Amino acid sequence: MAEIKYEITEHLGLIGEGSKGWTKELNLVSWNDRSPKYDLRDWAPEHAKMGKGITLTQEELKSLRELLNQLELD
């Protein structure tokens with residue numbers, strides 16, 4: 001399997017933290033030297049490992065924001 005290169009170009013925010021020190025974060029990440037995309041996933045301390053996540057373009061992130069703004073959350 002080919003190695004995946006990544007670079008967190010900007011840390012945008014922490015969403016939560018698990019009991020083992022992993023954090024769920026929203027970042028701008030460049031994957032394999034491509035243009036950065038918005039990325040939401042779990043990260044081990046020091047970003048040594050990552051969990052499964054989702055990457056979004058700016059347009060997809062705007063669509064998600066609009067959808068979330070329509071939800072009635074307690």
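Cut-offs used in this document
- Residues numbered from 1 in each chain as written.
- Predicted model: local features only at pLDDT ≥ 70, side-chain atom pairs only at ≥ 80, totals over all residues.
- Heavy atoms only, no water.
- Pairing = 2+ DSSP bridges.
- Helix = DSSP H or I, 4+ residues; strand = E, 2+ residues; numbered from the N terminus.
- Phe/Tyr/Trp six-rings, centres within 6.5 Å; stacked < 30°, edge-to-face > 60°.
- Buried < 20%, exposed > 50% of the residue type's maximum accessible area, 1.4 Å probe, protein only.

### Structural notes on the pairing of strand β1 (residues 6-17)
- By the bridge criterion, nine bridges tie β1 to strand β2 (residues 23-31) in an arrangement that is antiparallel. If you follow I8 over to β2, its bridge partner there is V29.
- Turn length for the β1-β2 hairpin, with the two strands adjacent in sequence and antiparallel, is five residues, and the turn residue G21 shows positive phi of about 90°.

### Quick look at the packing of aromatic side chains
- All chains considered together, the criterion is met by two aromatic pairs.
- Taken together, a centroid distance of 5.8 Å and an interplanar angle of 45° make the contact between Y6 and W31 tilted. Here Y6 is found in strand β1, whereas its partner W31 is found in strand β2, with 25 residues between them in sequence.
- Overall, Y6 belongs to the partly exposed group, its relative accessible area being 31%.
- Judged by its relative accessible area of 15%, W31 falls in the buried class.
- On the basis of an interplanar angle of 45° and a centroid distance of 5.3 Å, the ring pair of Y6 and W43 is categorised as tilted. A residue pair is termed long-range when its members are at least 10 positions apart, and Y6 in strand β1 and W43 in strand β3 (residues 37-43) qualify at 37 residues.
- With relative accessibility at 0%, the residue W43 sits in the buried group.

It is worth stressing that arrangement in space is one thing and function is another; only the former is reported here.
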